[in-house]
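Understanding the architecture of this molecule
What follows is each chain in one-letter form.
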Amino acid sequence: MSRSLFLLLFVLLLDDAWSAVSLPKIFGDHMVLQTNSEYGARAFIYGSANPGEAVTVDAPRGPYYTTANEHGRWNVMLDPVGASSKSYNITVSGEEGNPIVFTDVMYGNVILCSGQSNMVFAVNGMFNATAEIAAANHPNIRLFKVALNTSSTPLWDVNGTWELCSPTTIPSFSAVCYLTGRFSMDMHWGDEPLGLIQSAWGGTPIQAWMSPEALAKCPSTSPGGQSQSLEGLDVGGPGDPSVLYNAMINPLVGFSVRAALWYQGEANARESSINSTNAYRCYLTNMITSWRDVWGIGDFAFLFVQLAPYGSSTADAVSYVRQAMLETLPSPGGDIDTTGMAVIIDLGEADHRVHPQNKTEVGRRMALQLLHVALGLQQPEVNFSGPSLVRASAMSNGMVVIEFEYASGMFWNGSHGCVQCCKGASPVQVTSEERTVDNATWFNTTATVQGTKLIVKPMGMAQNSVPKAIRLNFNDFPECVLFNEYLLPASPFLAAVETAKDNVFDVFPVVNELKTPPMGFNSWNYYHCNIDEQAVKSTADAFVATGMAKVGYEFVNIDDCWMVERAPDGTIQADPVRFPSGMKAVTDYVHSKGLKFGLYTAQGSLTCQKRPAAYGHELQDAATYCEWGIDYLKIDGCGGMKHPNRSTSWQLFKQGFDKCQETTGHFTVMSVESCGSLADVCHWYAPSYANLWRTCGDIQATWSSVMSNLDHNNVMAPIALMGHYNDPDMLQVGNVGLSVTESKAHFSLWCIIMAPLLAGTDIVHMSNETLAIMTAPEVVAVNQDPLAKQGVRVSPANATGPEVWARQLHDGSVAVALLNRGEKAMMITATWDEIGLHPDSKATIRDLWERKDVGTATGKYSSNVESHGVFLFKAMPTS
Ligand code: GAL
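Residues numbered from 1 in each chain as written. Predicted model: local features only at pLDDT ≥ 70, side-chain atom pairs only at ≥ 80, totals over all residues. Heavy atoms only, no water.

1. Digging into the overall build of the chain
Scanning the chain from N- to C-terminus turns up 23 helices and 40 strands. A principal-axis box enclosing the C-alpha atoms of the chain has dimensions of 125 × 60 × 40 Å. Out of the 879 residues in the chain, the part that is buried amounts to 57%. For the chain, long-range pairs separated by at least 24 residues make up 73% of all intrachain contacts whose partners lie at least 6 apart in sequence. Entry remark: accessible area of the chain is about 33200 Å², with carbon and sulfur atoms responsible for 52%. The positive charge centre, built from 55 side chains, and the negative charge centre, built from 84, are 6 Å apart in the chain. (Helix = DSSP H or I, 4+ residues; strand = E, 2+ residues; numbered from the N terminus. Buried < 20%, exposed > 50% of the residue type's maximum accessible area, 1.4 Å probe, protein only. Contact = heavy atoms within 4.5 Å. Areas by Shrake-Rupley, 256 points an atom, 1.4 Å probe, with all protein chains shown as cover. Lys, Arg positive; Asp, Glu negative; His and termini not counted. Charge placed at Lys NZ, Arg CZ, Asp CG, Glu CD.)

2. Quick word on the site of the ligand
Lining the immediate surroundings of the ligand are Trp 524, Asp 559, Asp 560, Tyr 600, Cys 608, Gln 609, Lys 634, Asp 636, Arg 694 and Asp 698. Contact between the ligand and Asp 698: an oxygen atom at 2.4 Å from a side-chain N or O atom of the residue. For the ligand, whose accessible area on its own is 310 Å², the fraction buried by protein is 93%. Split by residue class, the shell around the ligand holds three nonpolar, one polar and six charged. (Near = heavy atom within 4 Å. Polar contact = N/O pair within 3.5 Å; in protein donor to acceptor, adjacent residues only side chain to side chain. Nonpolar A, V, L, I, M, F, W, Y, C, P; charged D, E, K, R; others polar.)

3. Some thoughts on helix 12 (residues 533–546)
The terminal C-alpha atoms of helix 12 lie 20 Å apart, and with 14 residues this matches the ideal 20 Å at 1.5 Å per residue to within 8%. Those residues of helix 12 that sit buried are Glu 533, Ala 535, Val 536, Ser 538, Thr 539, Ala 540, Ala 542 and Phe 543. In this structure, the buried residues of helix 12 make contact with strand 23 (519–522), helix 11 (524–527), helix 13 (548–551), strand 24 (555–557), helix 14 (583–592) and strand 27 (596–602). Here helix 12 starts with a cap whose side-chain oxygen sits 3.1 Å from the backbone nitrogen of Gln 534, and that cap is Asp 532. (Expected span 1.5 Å × (residues − 1).)

4. Digging into the environment of Gly 125
Topologically, Gly 125 is positioned in the loop between helix 2 (117–120) and helix 3 (129–134). Judged by relative accessible area, which is 26%, Gly 125 ranks as partly exposed. In this structure, the C-alpha to C-alpha distance between Gly 125 and His 355, residues 230 residues apart in sequence, is 9.5 Å.

5. Some details on helix 14
Working note: α-helix, 3.6 residues per turn, so residues spaced by three or four point in the same direction. Buried residues of helix 14: Met 583, Val 586, Thr 587 and Val 590, and no others. Taken down its axis, helix 14 places every buried residue within 100 degrees of arc, on the same side. Following helix 14 by one or two positions, Gly 594 has its phi on the positive side, about 80 degrees. (Arc of directions from axis to C-beta.)

6. Quick notes on the environment of Gly 697
Along the chain, Gly 697 turns up in the loop between strand 30 (692–694) and helix 19 (703–714). Taking the C-alpha atoms as reference points, Gly 697 and Pro 786, separated by 89 residues in sequence, lie 28 Å from one another. Ignoring sequence-local partners within four residues, the contact set of Gly 697 consists of Cys 675, Asn 709 and Asp 729.

7. Remarks on the domain arrangement of the chain
According to the domain assignment, the chain contains domain 1 (19–106), domain 2 (109–375), domain 3 (388–496), domain 4 (519–780) and domain 5 (791–879). Summarising the inter-unit geometry, the C-alpha centres of domain 1 and domain 4 are found 73 Å apart. (Domains from an automatic or database assignment.)

8. Some thoughts on the sheet that holds strand 27
On the basis of which strands lie adjacent, the open sheet formed by eight strands has the order 31-30-29-28-27-24-23-32 and parallel pairing. The sheet terminates laterally at strand 31 (725–727) and strand 32 (757–759), the two strands that pair on one side only. Averaged over all pairs of adjacent strands, the angle between strand axes in this sheet comes to 25 degrees, irrespective of strand direction. Relative to strand 31, strand 30 is paired through three bridges, and the arrangement is parallel. Its bridge partner being in strand 31, Arg 694 is matched across the sheet by Asp 727. Running at roughly 175 degrees to strand 29 (residues 669–673), helix 16 (residues 647–664) makes contact with strand 27, strand 28 (632–636) and strand 29 of the sheet. (Pairing = 2+ DSSP bridges. Axes fitted to C-alpha atoms, helices over the stretch in contact; angles between N-to-C directions.)

9. Some details on the state of the cysteines
Under the counting rule described, the total for this entry stands at six disulfides. Two residues, Cys 218 and Cys 282, share a disulfide whose sulfurs are 2.2 Å apart. Because the torsion about its S-S bond is -100 degrees, the bridge between Cys 218 and Cys 282 counts as left-handed. You can see Cys 218 sitting in the loop between helix 5 (212–215) and helix 6 (226–229) and its partner Cys 282 sitting in helix 8 (residues 274–295), a full 64 residues away along the chain. The buried category is assigned to Cys 218, whose relative accessible area is 4%. Residue pairing for Cys 422: its cysteine sulfur links by disulfide to Cys 480, the two sulfurs lying 2.1 Å apart. Judged by the sign of its S-S torsion, about 110 degrees, the cystine formed by Cys 422 and Cys 480 is right-handed. Here Cys 480 lies in strand 21 (residues 480–483) and Cys 422 lies in the loop between strand 16 (411–414) and strand 17 (428–431), a separation of 58 residues in the sequence. Of all cysteine sulfurs in the structure, the one in Cys 177 sits closest to Cys 165, which takes part in no disulfide; the separation is 11 Å. By relative accessible area, which is 2% here, Cys 165 ends up buried. (Disulfide = S-S within 2.5 Å.)

And the structure:
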């Protein structure tokens with residue numbers, strides 16, 4: 001006999017003869033025991049011995065005594081020990097044989113991590129692996145990797161050893177398990193010891209991880225169900241029912257944990273059907289419940305990762321697994337509690353790999369869930385959730401309003417590195433069929449963010465059909481995702497639509513403060529960068545002195561160049577030379593005159609004059625402007641860094657100003673730069689955020705510029721509504737370049753098209769003629785008409801000849817501008833047909849500039865109009 005064989009035999013004999021007490025290998029040197037005193041569940045130590053044998057466990061707050069039962073099993077419950085970096089020895093001894101000693105045992109939190117390949121996915125495969133590994137010196141984190149094994153009967157032991165987390169041990173350990181733990185420590189637990197148990201196997205279906213009792217609770221006939229699933233579901237790992245539960249979970253039962261993490265589902269994503277959602281939900285719910293039951297330590301937290309997009313072979317089947325996970329979250333009267341889910345619908349990769357490598361963000365989101373679910377931490381301490389569906393309601397006009405919670409600062413954004421994806425994509429779809437119908441006909445929509453709601457407009461759905469179900473990002477690889485301000489995404493969902501309770505007008509914010517277009521002043525056209533606090537104050541004084549304030553001019557707005565830099569904490573700073581008293585003092589001055597004050601910024605990082613703009617500072621700036629008491633903000637486009645989506649900046653400012661209004665009651669007008677087509681403005685849905693949006697290029701003091709802006713603005717007329725106006729840019733009335741005739745035409749037309757009336761000239765030194773134009777009462781009254789309906793060109797366009805423009809007014813009359821774009825005076829006729837009056841009706845004709853009735857007319861009215869002039873009249877039907 002060789003010497004080594006002899007030694008082995010000797011050891012085996014010795015073991016048999018001297019030590020009946022034994023413990024499963026989950027107990028070992030360096031282990032972490034869950035006995036943190038802030039958590040109810042305590043640690044147990046258990047094992048086997050001869051039946052009836054007395055067992056002593058010498059551990060902190062011990063020793064503990066017990067006796068093995070008739071099957072030779074024993075178990076002791078340890079008293080809680082506060083988590084600390086202290087390490088202990090624990091000794092277990094029976095009546096005979098050598099005691100078993102576990103060294104370097106710590107007390108803290110223990111997390112069990114299970115699932116398939118995305119849980120197995122190791123730290124060495126993730127993005128940033130080299131740095132993660134190098135930084136993994138965490139002796140208080142202890143790792144236990146359960147060796148792969150299968151069994152058709154429940155086993156008592158696993159293979160594995162506890163190891164200290166280090167650059168040597170972490171590379172092959174589960175990235176999601178490790179990072180969830182590490183982020184939980186960073187965010188809350190600090191240096192408290194953490195035990196991580198990895199018991200996972202790639203390619204395995206959930207049924208393999210369930211006890212036979214748990215599986216029996218789910219119908220075996222459903223698609224993806226038990227009997228059917230076990231062939232074919234195995235995409236790389238064992239798929240037989242319960243084989244992994246038996247070999248890799250059962251031996252851990254009783255080893256107290258704080259939480260379990262689950263990252264699995266790809267092997268169950270087989271069919272695009274509601275049945276497959278129901279089947280997976282049944283499996284997941286019963287697996288969780290049964291694990292909790294057998295552990296016997298109460299409802300420990302159970303967190304799962306919802307699947308990321310990867311481009312599965314079965315179209316959309318992943319969506320049905322995601323939906324099942326969503327339905328496994330706690331809900332009123334729901335099946336299960338104390339669960340949480342990390343949504344990672346934005347973390348797929350462009351090459352559609354099934355194992356996305358950004359495990360850092362998965363771990364961070366899981367840690368947020370863990371802290372919320374296991375410890376009950378809430379917002380704002382832990383911002384753990386993306387926008388979460390509250391309800392979807394159908395409105396009487398066919399639109400659907402979806403309400404969310406955890407939705408502050410909600411916005412659409414492309415994901416997986418896809419920048420333009422939110423343009424043209426339709427992440428929300430509706431159907432007039434029930435939510436439970438497979439293969440329903442789904443219609444695309446435009447879905448625009450309105451605060452914490454999505455306003456959904458179905459496209460192509462029959463006029464009278466009622467939306468009954470709605471779904472968000474319900475395909476395997478959605479690329480346009482809804483986020484909240486914490487950059488956490490909304491889970492995809494499939495939900496029923498409730499019948500409308502509200503009125504569609506609730507959809508847009510009621511703007512009590514701006515029921516007609518704003519009137520005031522903007523510094524750009526006249527002063528450009530040459531502004532200072534004196535110019536502001538004297539303009540405010542002149543508004544009062546000239547009577548403009550009485551006519552309705554109230555906003556004194558300065559444009560670009562008032563700011564020079566940001567303070568170290570990012571606060572925007574006014575130019576200290578030009579505004580030595582500071583913006584708050586300037587605002588107070590303007591307010592003291594009974595007027596309002598407005599500022600300019602841009603959504604890029606630079607204004608058009610290369611001053612610091614808002615990019616990345618939107619909420620901070622909104623708070624600053626709120627503090628200063630600013631009443632109006634112009635948000636230009638301009639240069640430098642920009643958010644990929646044009647509306648992001650608007651949404652953030654709107655959020656900031658809404659908050660300002662909530663806390664101070666102060667309303668801030670938002671005027672944005674859009675300059676796109678009608679479709680473009682609708683796509684970005686400027687009206688949801690802004691009170692005004694620019695429709696064209698910068699206006700110049702030339703006739704052609706005024707006409708060009710007029711034309712651009714006209715195509716946008718359909719989207720103007722009360723509180724939300726098209727903005728063809730500031731007035732050039734009074735500036736060199738326009739004749740008096742042209743100025744009057746410009747002003748008349750800006751009133752017909754419901755444009756903001758922002759004087760762009762030197763108010764302090766303007767001529768009486770200029771003042772008279774801007775304060776003509778009956779002309780201004782057209783602009784401010786309470787019906788708030790934008791007037792439009794009603795004749796054929798004629799860039800060098802006559803045109804007729806008309807605006808319907810609240811009193812049943814129509815304001816009409818006969819516009820001569822030609823170079824010679826000409827007779828221009830408006831027919832009643834064109835302007836929307838009955839052809840036979842008789843109307844009084846009132847010259848709005850002269851403020852006098854000039855007769856009556858039936859069917860049409862003509863007037864001679866000078867070149868580049870407008871004859872502006874009101875036709876008031878008398879019959
Ligand atoms: C332009 C904007 C103008 C003015 C200017 C300031 O982009 O259209 O109205 O604000 O920037 O630099």
